[in-house]
Amino acid sequence: MSDKKEVRVRIAPSPTGSLHLGTVRTSLYNYLFSKKHKGKFILRIEDTDQQRNKDEYTKEILDGFKWLQINFDEGPYYQSERLDLYRKSAQKLLDEGKAYNCFATTEELDALRKSQRAARMPEKYDNRHRNLTEDQKKKFLDEGRKSVIRFKLPDNTEIKWNDEIRGYVSVNTNDLGGDPVIMRGDGIPLYNFAVVIDDGDMRISHVIRGDDHLHNTAKQIPIFQALGFEVPSFGHAPLIFTHDREKLSKRKHGDIANIDKYQREGYLPEALANYLVHMSWTRPDHPEDEIFRLNDVTNEFSLDRISKSPAVYDLPKLHWFNNHYIKEKTTQEIFDLSKRFLEKELDLSIYPKEQIFQMIDLVKSGLNKLDELPGLIRFFFDDKFDLGSSENQKILSGENARKIFDKVIQVLNSLNFSDPHACKLVVDEIGKGLSVKGKDLYWPLRVALSGSNKGPDLGLIISLLGKEKVKSRIEKALRVLV
Ligand code: GLU
């Protein structure tokens, strides 16, 4: 890469769907690359597909980037506002004989594909209208046929480039499906055309995108050249696959590819960013350091360290990152970030804020995502848990449960509920008196008070629940024993 060239990169999502995990990962690589080279990062919304575009998707895309704190130096630019430019460029290519009108009808193209399939040939447009005479064109026009504009790809030519991620790449133009349509009959450009004009016009120096675009790049390079633009450098990052080597798809994998799922379920943006970058890139000097914030690694970032192998979506790993970043937050921050989940499921007014903070502290080390928080502290708020599960039944039917419960009821009035340690000591005293200890002592109480034999310190549970709740829950458990 020449040192003098200003680095200008872009991300160019189409608002035909929600913001995709793969788009975000590509954005992060672009972001890091632009920061490393003190360049510019541009957002362009590729909204030329009027049938499939939706304003709500544009909004989701913009919101998603904001949530992830991916900031842009320029844009958003909208392709729908640049149609004139595409039309003029298409006309220029027509005038120069580098593009042509193709009058083939849908039926004719279908028939072509069918015959190719029957002959076990690759399906492609056969460039049949590349060299029409004026008379032939007139005949088609007189028939009332509509035309599209196709770009004349060079025949049987290797399109080569030195990919910043994949190294040397070469694609033969014969494998590109014939001359590509660049403008539809209604004057709307196709992706491969608009993208070149914009990348050229916006002086994009490096196109960093998913490797599903390799063949598009081979189509685009001759278009850059035909329009007289300098050809940018390209870097194609591997796509994200599932463990069974499938592309993330909505039909099969639900919304795991949509960023808004992660927003909705309480993932932290810094965790998701760290996870996505780390999927295919490690720090050059400290590859073992998996935890990093974007701004800490910009100087170390380079495209040639992005792995060429497919990235694998690994939810437990994402949870590991998320859990790490959650634990780094203060209790107040966790509370603020989780408030929408807590308020939806729990009546927060029944405890003072300090006690809710204590509950959060008790469980935060086990949180994979913030929407799990209400479930983990729910037992403080109601006793709708199931004492009758077989595991709980086993614990409650032990010979000591009733004796322990009776004793606890007896000492309730003298318990100092504001001191968790003292509460625990009283339980231990009761145990001594009954010659019961360990799980035989604690588990029946845990089950009675929280519905589970696992969980936070028993003294803390008793202290936070307070006298009335401890009493009513033990009485309820005693009734189950009967
Ligand atoms: N709009 C294209 C997409 O969403 C952009 C691809 C590119 O980066 O050129 O796939």
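Refer to the structure above for everything that follows.
So, a few notes on the structure that sits alongside this text. Because the structure is predicted, anything quoted here is derived from the model rather than measured. (Residues numbered from 1 in each chain as written. Predicted model: local features only at pLDDT ≥ 70, side-chain atom pairs only at ≥ 80, totals over all residues. Heavy atoms only, no water.)

Looking at the overall build of the protein chain
Inclusion rule: Each helix corresponds to a stretch of at least 4 residues labelled H or I by DSSP, and each strand to a stretch of at least 2 residues labelled E; elements are numbered beginning at the N terminus. Radius of gyration: over C-alpha atoms. The globule rule applied is 2.2 Å multiplied by the number of residues raised to the 0.38 power. With a 1.4 Å probe rolled over the protein chains alone, any residue whose accessible area is under 20% of its type maximum counts as buried; one over 50% counts as exposed, and the rest are partly exposed.
Helices and strands together make up the secondary structure of the protein chain, namely 20 helices and 12 strands. Its C-alpha atoms give the protein chain a radius of gyration of 32 Å, clearly above 23 Å, the size a compact globule of 482 residues would have. Taking the principal axes of the C-alpha coordinates as reference, the protein chain spans close to 105 × 50 × 40 Å. The buried share of the protein chain, taken over its 482 residues, is 49%.

Concerning the site of the ligand
What counts, and what does not: Each residue is tested against the molecule or strand, and it is near if at least one of its non-hydrogen atoms lies within 4 Å. As used in this structure description, the phrase polar contact means that two N or O atoms lie within 3.5 Å; if the pair is within protein, one of them must be able to donate a hydrogen and the other to accept it, and residues adjacent in sequence are counted only when both atoms belong to side chains. Residue burial considers only the protein chains on display, and all accessible areas are found by Shrake-Rupley using a 1.4 Å probe. When residues are sorted by character, Ala, Val, Leu, Ile, Met, Phe, Trp, Tyr, Cys and Pro go into the nonpolar class, Asp, Glu, Lys and Arg into the charged class, and all the rest, Gly among them, into the polar class.
In the vicinity of the ligand, the contacting residues are R10, A12, S14, E46, Y191, V195, R209 and H213. In the model, an oxygen atom of the ligand is placed 2.7 Å from a nitrogen or oxygen of the R10 side chain. Between the ligand and R209, the relevant distance is 2.7 Å, taken from an oxygen atom to a side-chain nitrogen or oxygen of the residue. Within the complex, 78% of the 290 Å² of free accessible area of the ligand lies under protein. Per-class residue counts for the shell around the ligand are three nonpolar, two polar and three charged.

Overview of the sheet that holds strand 8 (residues 181–183)
Our working definition: The pairing criterion is simple: DSSP has to find at least two bridges between the two strands. Lines fitted to C-alpha atoms define the axes here, with helix axes fitted over just the stretch in contact, and angles between the N-to-C directions of these axes take values from 0 to 180 degrees.
Read from one edge to the other, the open sheet built from three strands follows the order 4-5-8, with strand pairing classed as antiparallel. At either end of the open sheet lies a strand with only one pairing partner, and these are strand 4 (99–102) and strand 8. For this sheet the average axis-to-axis angle between neighbouring strands, irrespective of direction, equals 45°. In this structure, strand 5 (residues 148–151) lies alongside strand 8, joined through two bridges in antiparallel fashion. Following the sheet pairing, I149 is matched in strand 8 by M183.

Here we look at the packing of aromatic side chains
Cut-off, in case you're wondering: Any Phe, Tyr or Trp ring, taking Trp's six-membered ring, that has another such ring centre within 6.5 Å forms a pair; planes under 30 degrees apart are called stacked, those over 60 apart edge-to-face, and the others tilted. We count a charge as sitting over a ring when the NZ of a lysine or the CZ of an arginine lies within 6 Å of the ring centre and within 35 degrees of the ring normal.
In the structure shown here, the tally under the stated rule is 15 aromatic pairs. Geometrically, the ring pair formed by F41 and F72 is tilted, given 4.7 Å between the ring centres and 50° between the ring planes. In this pair, F41 is assigned in strand 2 (residues 40–45) and F72 in the loop between helix 2 (55–67) and strand 3 (74–78), connecting sequence segments 31 residues apart. Assessed through its relative accessible area of 22%, F72 is described here as partly exposed. Pairing W281 with F292 gives two aromatic rings, centres 5.7 Å apart and planes at 90°, and the pair type is edge-to-face. Residue W281 is found in the loop between helix 10 (269–278) and helix 11 (294–297), and its partner F292 is found in the loop between helix 10 and helix 11; the two are separated by 11 residues along the sequence. A single burial state applies to W281 and to F292, both of which are buried. Cluster of aromatic residues (ring-pair linked, three or more members): Y29, W281, F292 and F301. The ring of Y262 carries the charged tip of K261 above its face, separated from the ring centre by 6.0 Å. We note K317 situated over the ring of W320; from NZ or CZ to the ring centre the distance is 4.9 Å.

Details of the packing of helix 17 (residues 401–411) against helix 19 (residues 439–450)
Let me state the cut-off plainly: Under this scheme an angle from 65 to 115 degrees is roughly perpendicular, one under 35 degrees roughly parallel, and one over 145 degrees roughly antiparallel; angles in between are oblique. Handedness of a crossing is defined here by the sense of rotation of the near helix relative to the far one, left-handed for an anticlockwise turn of less than a right angle and right-handed for a clockwise turn. Two residues qualify as a contact provided that any one of their heavy atoms is within 4.5 Å of a heavy atom in the partner residue.
Here helix 17 crosses helix 19 at 70°, and the two axes come no closer than 9 Å. Relative to helix 19, the element helix 17 is oriented roughly perpendicular. Two packed elements cross with a definite hand, and for helix 17 against helix 19 that hand is right-handed. Only D440, L441, P444, L445 and A448 of helix 19 make contact with helix 17, whose side of the interface consists of A401, I404, F405 and V408. Within the contact of helix 17 with helix 19, the residues separate by chemical class into eight nonpolar, no polar and one charged.

Quick look at the environment of R184
Relative to the helices and strands, R184 resides in the loop between strand 8 and helix 6 (191–201). Taking the C-alpha atoms as reference points, R184 and S147, separated by 37 residues in sequence, lie 7.6 Å from one another. Those residues within four positions of R184 in sequence are excluded, and the remaining contacts are Q51, S147, V148 and L190. At 2.7 Å, the side chain of R184 forms a polar contact with the side chain of D186.

Points about the side chain of N274
With respect to the secondary-structure elements, N274 resides in helix 10. Apart from the residues lying within four places of it in its own chain, the contact partners of N274 are E290, I291, F292, F321 and Y325.

Considerations on the sheet that holds strand 2
Here three strands make up an open sheet; going across it, the order is 1-2-3 and the pairing parallel. A single partner strand is all that each edge strand has here, and the edge strands are strand 1 (8–11) and strand 3. Across the sheet, the mean angle separating the axes of adjacent strands is 25° when strand polarity is ignored. Pairing of strand 2 with strand 3 involves three bridges; the strand directions are parallel. Looking at the pairing, I45 lines up with Y78 of strand 3. Against the sheet, helix 1 (residues 21–36) contacts strand 1 and strand 2, and its axis sits at roughly 165° relative to strand 1.

Some words on the pattern of salt bridges
Opposite charge on two side chains lets them pair, provided their charged atoms get close. Selection rule: We count a salt bridge whenever a side-chain nitrogen from Lys or Arg sits within 4 Å of a carboxyl oxygen from Asp or Glu.
Counting across every chain of the model gives 43 salt bridges. The salt bridge involving D63 is made with K59; its shortest N-O contact spans 2.9 Å. One end of the pair, D63, and the other, K59, are both in helix 2, four residues apart, so they sit about a helical turn from each other. The partly exposed category is assigned to D63, whose relative accessible area is 34%. Of the residues examined, K59 reaches a relative accessible area of 52% and is grouped as exposed. In the salt-bridge network here, residues are joined through shared partners; they are R10, R44, E46, R82, D198, D199 and D201.

Some words on helix 19
Among all positions in helix 19, only L441, P444, L445, R446, V447, A448, L449 and S450 are buried. In this structure, the buried residues of helix 19 make contact with helix 15 (373–381), helix 16 (390–396), helix 17, helix 18 (420–434) and helix 20 (458–481).

Keep in mind these numbers describe shape, not what the thing actually does.
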